[in-house]
Amino acid sequence: EGNDGYDVSKLMKVTGNVTLDSGFVNTASCSSAITYIDGDEGILRYRGYPIEQLAEKSSFLEVSYLLIYGELPSQTQIDDFDQKIRRHTLLHEDLKAFFGGFPRDAHPMPVLSSAVSALSTFYQDSLDPFDKEQVEISTVRLLAKLPTIAAYAYKKSVGQPFLYPDNSLSLPENFLRMTFGFPAEPYDMDEDMVKALDLLLILHADHEQNCSTSTVRLVGSSNANLFASVSAGINALFGPLHGGANQAVLEMLNTIHQDGGDVDTFVKKVKNKEDGVKLMGFGHRVYKNYDPRAAIIKKTADKILTKDGVSDPLLDIALQLEQRALEDDYFVERKLYPNVDFYTGLIYKSMGFPERMFTVLFALGRLPGWIAQWREMIEDPQTKIGRPRQIYTGATERDYVAMGGR
Ligand code: ACO
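The shown structure was predicted, so the numbers you read here are calculated from the model rather than taken from an experiment. (Residues numbered from 1 in each chain as written. Predicted model: local features only at pLDDT ≥ 70, side-chain atom pairs only at ≥ 80, totals over all residues.)

1. Some details on the sheet that holds strand E1 (residues 35-38)
Threshold: Two strands qualify as a pair provided that DSSP identifies no fewer than 2 bridges between them. Secondary structure follows DSSP: runs of H or I at least 4 residues long count as helices, runs of E at least 2 residues long count as strands, and numbering of each begins at the N terminus.
Across the sheet, which stays open at both edges, the 3 strands sit in the order E1-E2-E3 with antiparallel pairing between neighbours. Edge positions in the sheet fall to E1 and strand E3 (49-50), since each has one partner strand and no second. Here strand E2 (residues 43-46) runs beside E3; their pairing, made up of 2 bridges, is antiparallel. Within E3, the position partnered with Tyr 46 by the bridge is Tyr 49.

2. Let's talk about the pairing of E1
Stated formally: Exposed residues have 12 or fewer other C-beta atoms within 10 Å of their own C-beta, buried residues have 20 or more, and residues in between are partly exposed; the C-beta atoms are placed from the backbone.
Only one face of E1 is buried, namely the one carrying Thr 35 and Ile 37, since none of Tyr 36 and Asp 38 on the opposite face is buried. Counting the residues that bridge the hairpin from E1 to E2 gives 4 residues, and of these Gly 42 lies at a positive phi of roughly 70 degrees.

3. Observations regarding the UniProt feature "active site" (unreviewed entry) in the protein chain
To keep things clear, this is the line we draw: UniProt positions are given in the numbering used here, feature names are shortened, and annotations may be inferred rather than shown by experiment. With C-beta atoms placed from the backbone, a contact is any residue pair whose C-beta atoms sit within 7 Å.
This chain's UniProt record puts "active site" (unreviewed entry) on His 284 and Asp 341. Taking the farthest pair of C-alpha atoms as the criterion, the annotated set spanning 58 residues converges on one region, since that pair is 10.6 Å apart. Its location among the elements puts His 284 in the loop between helix H13 (263-271) and helix H14 (292-305). Using a count of 22 C-beta atoms within 10 Å as the deciding quantity, one classes His 284 as buried. With near-sequence residues (within four places) excluded, His 284 lies in contact with Asp 291 and Asn 339. Relative to the assigned elements, Asp 341 resides in helix H17 (residues 341-351).

4. Details of the nonpolar core
Operational definition: When buried Ala, Val, Leu, Ile, Met, Phe, Trp, Tyr and Cys residues are joined through C-beta atoms within 7 Å, the set is termed a nonpolar core.
Leu 112, Ile 149, Ala 150, Ile 202, Leu 203, Ala 318 and Val 360 are the most contacted members of the largest nonpolar core, which has 105 residues in total. Here this core gets 12 residues from one element, more than from any other, and that element is helix H18 (residues 358-379). What Leu 203 contacts, discounting residues up to four positions off in sequence, is Ile 51, Ala 55, Arg 293, Ile 296, Ile 297 and Val 340.

As structure tokens, this is what we get:
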């Protein structure tokens with residue numbers, strides 16, 4: 001008989017030898033050859049290539065190829081991949097009609113996940129996870145259509161007309177034009193913005209078994225199709241402790257700014273855990289030294305946010321928060337450093353994206369990672385349906401009590 005009145009021997013008999021690991025802090029759910037992270041050293045590599053080199057020298061398209069197919073592409077391979085994606089950017093007109101059904105103030109993340117889920121109704125010819133050709137076409141369709149879906153979700157939220165994709169443009173260019181352009185008007189492409197977006201997409205492209213990727217794998221382990229699995233991943237990403245953090249960071253910076261910019265009072269609140277307030281954009285389950293993506297983004301943020309000599313007051317608050325945290329025992333002892341989301345919101349804001357689009361941009365970046373992980377899981381002969389166990393803590397057996405006796 002345990003302290004709580006449970007018969008431990010009976011519990012063990014029922015559950016066998018089960019390990020409780022809330023949040024999977026120490027439990028690997030799979031083996032994977034895609035992304036390597038060393039949280040203590042602040043190392044992130046995609047297929048062995050350091051994130052710093054990819055950020056400097058590669059493109060989002062190439063990184064997507066690398067993650068999904070395992071190797072850097074030859075010129076012919078990347079040209080072919082690019083052409084295929086450009087050919088599939090259009091949405092079916094009936095799918096376009098979906099956007100009209102959502103309320104005007106709908107958050108674009110559930111719009112995104114609903115539209116991705118709906119893709120499996122439009123492409124019933126490519127839902128078999130074990131047919132290589134079908135997986136290939138689903139991969140291309142998803143990569144090509146998600147930017148169009150994301151741009152339409154934005155246009156819907158601001159009540160502007162949708163733009164058809166222009167397939168003479170690259171993926172980030174096309175996305176920016178569909179988001180900020182207007183039909184029948186030339187779109188003035190800002191090359192700095194294209195570069196910054198491409199970099200942000202690269203930095204978000206994969207991060208091994210994070211919450212949304214684990215969701216994609218778990219759903220896919222039931223042999224659910226790629227669209228259904230990725231749609232579930234988008235919903236997992238929506239949470240403020242995961243992808244939703246970039247929106248939450250900007251909201252936090254805005255609140256501090258509106259309250260007079262007093263960083264110390266806010267930090268005190270965080271340390272006292274008042275109302276569960278956290279320093280959003282800080283801390284990471286794996287990185288306990290620094291997040292290498294945050295280090296790269298900080299440089300970009302400094303450059304973009306001080307362009308034309310004008311500095312964003314929210315950047316000053318962010319820099320002050322970072323400095324306080326680096327000096328404060330509370331954060332040092334808990335190894336809390338800025339994560340990738342601490343600066344991304346500020347960059348997205350300077351590009352003209354509303355806060356609600358920030359997590360959508362994260363989803364665009366993470367898509368090749370989700371696809372690569374789903375494909376690796378499907379091809380792995382060791383894969384079994386994901387089915388965690390539990391430690392039961394409910395009532396022991398008791399007899400049903402009739403209504404009059406309760
Ligand atoms: N601000 C203040 N305190 C924090 C923070 C934070 N951002 N993060 C963790 N802590 C504290 C916890 O309260 C806890 O303190 P305690 O030991 O006194 O109880 C300690 O640090 C350990 O934190 P855990 O919650 O156990 O760490 P975990 O690894 O489970 O959580 C997470 C990681 C979810 C990222 C957390 O740090 C957090 O909530 N951060 C803010 C949200 C955020 O920025 N998320 C984006 C993550 S990156 C991404 O998804 C791309």
